[in-house]
Amino acid sequence: MLVLGLESSCDDCSAAVVEETVAGPVLRSLVRESQDAIHGPFGGVVPELAAREHLLQVRAVMAGALAQAGAGLKDLDRLAVTRGPGLVGSLLATFSASKAVAWREGLDWVGVHHLLGHLNAARFASPDLAFPALVLLVSGGHTHLYLAQDWISLQLLQKTRDDAAGEAFDKTARMLNLGYPGGPLVDACARAAKQAADPFTPPKFRDGKASWSFSGLKTGVKLRVERDPRLAEAGAGDPSVQGLCRSLQEAIAAWLLKPVPGLAEIHGARSLVISGGVACNSRLRSEAAALAKRIGLALAIPEPKLCTDNGAMIAAAGALLTPEPDPWSQNADADLKLGA
Ligand code: KG4
Ligand code: ZN
């Protein structure tokens, strides 16, 4: 089955052609238009600008993915597109365009939950993953831990009470004037550090419920910059800035992985999947590898280009879903729930 997958839930407009084979999905092409230059000056995504840009990009990314794969619309069996959750204006660009193309060409068309996409990004390298699996989805908008019994179901186990982990990276980069988006820049700075700064104190929850909190990190970084204003100007080459990035990254990786051993035991998990933009993080990847080895879990973290938002993960998830009998009445849904 040949599937064209489209994703535009936030600020990346991406399309990919994926061939679903008996051995799993094979990536035939992947095109992504970044909007970093547009949103960078604002330090975060501006929804209206993102939506307008997607409208300009959608035709080119579709055509680009088909050309790179050496395929035409007539060769496709199915179109898959992110239905939600996300920014509604952004979602609508690829949602409406793909619906129109599928209707005109008489192709199957499936709407995909964005997080099922992130899970299925792991299917490219680990098509035979052992279930049940713990699935840690970490991005600019999500910090959620799920239990999956297969590739198309996710049951929420715990999530952040406030900011997503990606937001802590992005806001830190902003306070240190490192640039946008912050995750890769903080990561590079942390890797260059000879020594970590003082560690960040993990949050304590009085109600004892399992969850995460990352908003305290923002305050923590702010206080350190107030104490030493030079940090905001010194740049990525400065040892103190590097040390601060390393402490932040170590804290985030350790906090994210902390619940994994306990939950793996409770749920009899056999694998750990980590996906979403923050899964590109070097420290999180190495800590996860060490942890998985220690507690005997198979580990599946997609290669970095498949961790961040992309059309390939949507195609891979869409290949496993059954098209609705009347798909044309479906609409994009900014708050789409899993299983809806
Ligand atoms: O999944 P994604 O592309 O989009 C969302 O759905 O949010 O994730 C983007 C997030 C941003 O917060 C970005 O800073 C973060 O992923 N990110 C990273 C790294 N690469 C991207 N965070 C930490 N380390 C990285 N290397
Ligand atoms: Zn995402």
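One can find the structure itself at the top, above this paragraph.
Residues numbered from 1 in each chain as written. Chains lettered and ligands numbered in written order. Predicted model: local features only at pLDDT ≥ 70, side-chain atom pairs only at ≥ 80, totals over all residues. Heavy atoms only, no water.

> Explain the site of ligand 1 here, please?
Close to ligand 1 lie 18 residues; Gly140, Asp170, Gly183, Asp187 and Gly277 are nearest. A distance of 2.9 Å separates an oxygen atom of ligand 1 from a polar backbone atom of Gly140. Measuring from an oxygen atom of ligand 1, one finds a backbone N or O atom of Gly277 at 3.0 Å. Mapped by element, the contributors of at least two residues to the shell around ligand 1 are α4 (114-120), α5 (165-175) and α6 (182-192). The residue makeup of the shell around ligand 1, split by class, is four nonpolar, 11 polar and three charged. (Near = heavy atom within 4 Å. Polar contact = N/O pair within 3.5 Å; in protein donor to acceptor, adjacent residues only side chain to side chain. Helix = DSSP H or I, 4+ residues; strand = E, 2+ residues; numbered from the N terminus. Nonpolar A, V, L, I, M, F, W, Y, C, P; charged D, E, K, R; others polar.)

> I'm lost on helix α10 (residues 260-267) in this one. Help?
For an α-helix the count is 3.6 residues per turn, leaving residues at separations of three or four pointing the same way. Within α10 the residues assigned to the buried category are Val260, Leu263 and Ala264. Seen end-on, α10 carries its buried residues on one side only, within an arc spanning 105°. Among the exposed residues of α10, those oriented more than 90 degrees off its buried face are Glu265 and Ile266. Lining the buried residues of α10 we find β6 (133-138), β7 (143-150), β8 (153-159), α9 (239-257), β9 (271-275) and α11 (282-295). Gly268, located one to two residues past α10, shows a positive phi value of around 60°. (Buried < 20%, exposed > 50% of the residue type's maximum accessible area, 1.4 Å probe, protein only. Arc of directions from axis to C-beta. Contact = heavy atoms within 4.5 Å.)

> Which parts of the structure should I look at to understand the nonpolar core?
What tends to happen in soluble globular proteins is that the nonpolar side chains get buried as a cluster. Leu134, Phe214, Ile252, Leu256 and Ile274 are the most contacted members of the largest nonpolar core, which totals 47 residues. For this core, the element with the highest residue contribution is α9, accounting for 10 residues. Setting aside chain neighbours within four positions, we find Ile252 in contact with Ala165, Ala168, Phe169, Phe214 and Leu217. (Core = buried A, V, L, I, M, F, W, Y, C linked by side-chain atoms within 4.5 Å.)

> What am I meant to see in the environment of Val26 here?
With respect to the secondary-structure elements, Val26 resides in strand β3 (residues 24-34). On the basis of relative accessibility, which here comes to 30%, the residue Val26 falls in the partly exposed class. Put simply, Val26 and Ala236 are 210 residues apart on the chain and 38 Å apart in space, counted from C-alpha to C-alpha. Apart from the residues within four sequence positions on either side, Val26 is in contact with Val17, Val18, Glu19, Thr21 and Phe124.

> How should I be thinking about the packing of α5 against helix α7 (residues 215-227) in this particular structure?
Two quantities define a packed helix pair, namely the angle between the helix axes and the distance between the axes. Relative orientation of the contacting elements α5 and α7 amounts to 15°, with a least axis distance of 9 Å. With respect to α7, the axis of α5 lies roughly parallel. Where α5 crosses over α7, the handedness of that crossing is right-handed. Along its contact with α5, which presents Glu167, Ala168, Lys171, Thr172 and Met175, the element α7 presents Leu217, Lys218, Val221 and Lys222. (Axes fitted to C-alpha atoms, helices over the stretch in contact; angles between N-to-C directions. Parallel < 35°, antiparallel > 145°, perpendicular 65-115°, else oblique. Left-handed = near helix turned anticlockwise from the far one by under 90°.)

> Before we go on, may I ask you to explain the coordination of the zinc ion (ligand 2) in this structure?
Each angle at a metal carrying four tetrahedral donors should ideally be 109.5 degrees, and each at a metal carrying six octahedral donors should ideally be 90 or 180 degrees. Every protein donor of the zinc ion (ligand 2) is accounted for by His114 (NE2), His118 (NE2) and Asp309 (OD), and the metal-donor separations fall at 2.1 Å. For the zinc ion (ligand 2), the four donor atoms in the first shell make angles of 92 to 153° at the metal, so the coordination geometry reads as irregular. All donors of the zinc ion (ligand 2) belong to a single chain; written as a sequence motif, their spacing is H-x3-H-x190-D. With a gap of four residues between them, His114 and His118 both fall in helix α4, about one helical turn apart. For His114, a relative accessible area of 5% puts it in the buried group. Residue classification places His118 among the buried positions, given a relative accessible area of 1%. (Donors = N, O, S within 2.8 Å, 3.2 Å for Na, K, Ca; no water. Tetrahedral: all angles 85-135°; square planar, octahedral: opposite > 155°, others 65-115°.)

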